[in-house]
Amino acid sequence: MSYFRAFPSEVSNYVPQIFTFTLGGRWEGAAVELLAVGSRELVLPQVVQCVAEHIPMRDPEDYVQLAGLLARLDAGDTIEFIASDALRSDDHEVRAAGDSIRETYKHLLHRQ
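Residues numbered from 1 in each chain as written. Predicted model: local features only at pLDDT ≥ 70, side-chain atom pairs only at ≥ 80, totals over all residues. Heavy atoms only, no water.

(A) Seen up close, the pattern of salt bridges. This structure, assessed with the given rule, holds 4 salt bridges. Between E80 and R102 there is a salt bridge whose closest N-O contact spans 2.4 Å. With E80 in helix α6 (residues 76-87) and R102 in helix α7 (residues 92-104), this pair connects stretches of sequence that are 22 residues apart. Put simply, R88 and D85 hold a salt bridge, and the shortest N to O gap is 3.5 Å. What makes R88 exposed here is its relative accessible area of 57%. Accessibility expressed as a relative area gives 10% for D85, which makes it buried. (Salt bridge = Lys/Arg side-chain N within 4 Å of Asp/Glu carboxyl O. Helix = DSSP H or I, 4+ residues; strand = E, 2+ residues; numbered from the N terminus. Buried < 20%, exposed > 50% of the residue type's maximum accessible area, 1.4 Å probe, protein only.)

The structure is reproduced here in structure tokens:
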């Protein structure tokens, strides 16, 4: 972590690897913070790509975790995308996650 704080431009070289840790486990918080250290312009497009690749798994908890990561990166437009995707699901729990995301992060959604 210290290395990336000293050289934040390096974070963008490791986004897919770091992203895998953001979905839970003992390194989740550190991974989210690490992505936030990097240059938003370089990191966010890669995170959005990782999110798009992960969404088809349709796990309600993953939607909520992804929204938390995106909120840390101030990516309201992508939060809206995943919330909308969740709300279109046939699974009640996934739709509930979409409602929860919209409610929790409405302050980011309305700035778009």
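Having seen it, we continue.
(B) Summary view of the packing of aromatic side chains. Across all of its chains, the model carries 3 aromatic pairs by this definition. Residues Y3 and F4 carry aromatic rings whose centres are separated by 5.4 Å and whose planes lie at 75° to one another, so their mutual orientation is edge-to-face. In this structure Y3 comes out as partly exposed when scored by relative accessible area, which is 44%. F4 gets classed as buried once you look at its relative accessible area, which sits at 15%. Taking the centre distance of 5.1 Å and the plane angle of 40° together, the rings of Y3 and F7 count as tilted. Following the ring pairs from residue to residue traces out a cluster consisting of Y3, F4, F7 and Y14. (Phe/Tyr/Trp six-rings, centres within 6.5 Å; stacked < 30°, edge-to-face > 60°.)

(C) Inspection of the packing of α6 against α7 at higher detail. Contact pair α6 / α7: the axes reach a minimum separation of 7 Å and the direction vectors enclose 150°. Here α7 runs roughly antiparallel to α6, going by the angle between their axes. In the packing of α6 onto α7, the handedness of the crossing is left-handed. Within the contact between the two elements, α6 uses I79, E80, I82, A83, S84, A86 and L87 and α7 uses V94, R95, G98, D99, I101 and R102. Class assignment of the residues belonging to the contact of α6 with α7 gives a composition of 7 nonpolar, 2 polar and 4 charged. (Axes fitted to C-alpha atoms, helices over the stretch in contact; angles between N-to-C directions. Parallel < 35°, antiparallel > 145°, perpendicular 65-115°, else oblique. Left-handed = near helix turned anticlockwise from the far one by under 90°. Contact = heavy atoms within 4.5 Å. Nonpolar A, V, L, I, M, F, W, Y, C, P; charged D, E, K, R; others polar.)

(D) Structural view of the nonpolar core. With 33 residues, the main nonpolar core has L35, V47, V51, Y63, I79, I82 and I101 as its most contacted residues. When contributions to this core are tallied by element, the ones reaching two or more residues are α2 (15-21), α3 (28-37), α4 (40-54), α5 (60-72), α6, α7 and α8 (106-109). Looking at which element gives the most residues to this core, the answer is α5, with 6 residues. Excluding residues that lie within four positions of it along the chain, V51 makes contacts with F19, L66, L70 and I82. (Core = buried A, V, L, I, M, F, W, Y, C linked by side-chain atoms within 4.5 Å.)

(E) Representation of a negative patch on the surface. Among the surface-exposed residues, D59, E61, D90, D91 and E93 lie close enough to one another that they form a single negatively charged patch. Here D59 lies in the loop between α4 and α5. The exposure class of D59 is partly exposed, given its relative accessible area of 31%. (Patch = residues over 30% accessible without salt bridge, like charges linked within 9 Å, V, L, I, M, F, W, Y side chains within 5 Å. Areas by Shrake-Rupley, 256 points an atom, 1.4 Å probe, with all protein chains shown as cover. Lys, Arg positive; Asp, Glu negative; His and termini not counted. Charge placed at Lys NZ, Arg CZ, Asp CG, Glu CD.)

Structural measurements only, silent on function.
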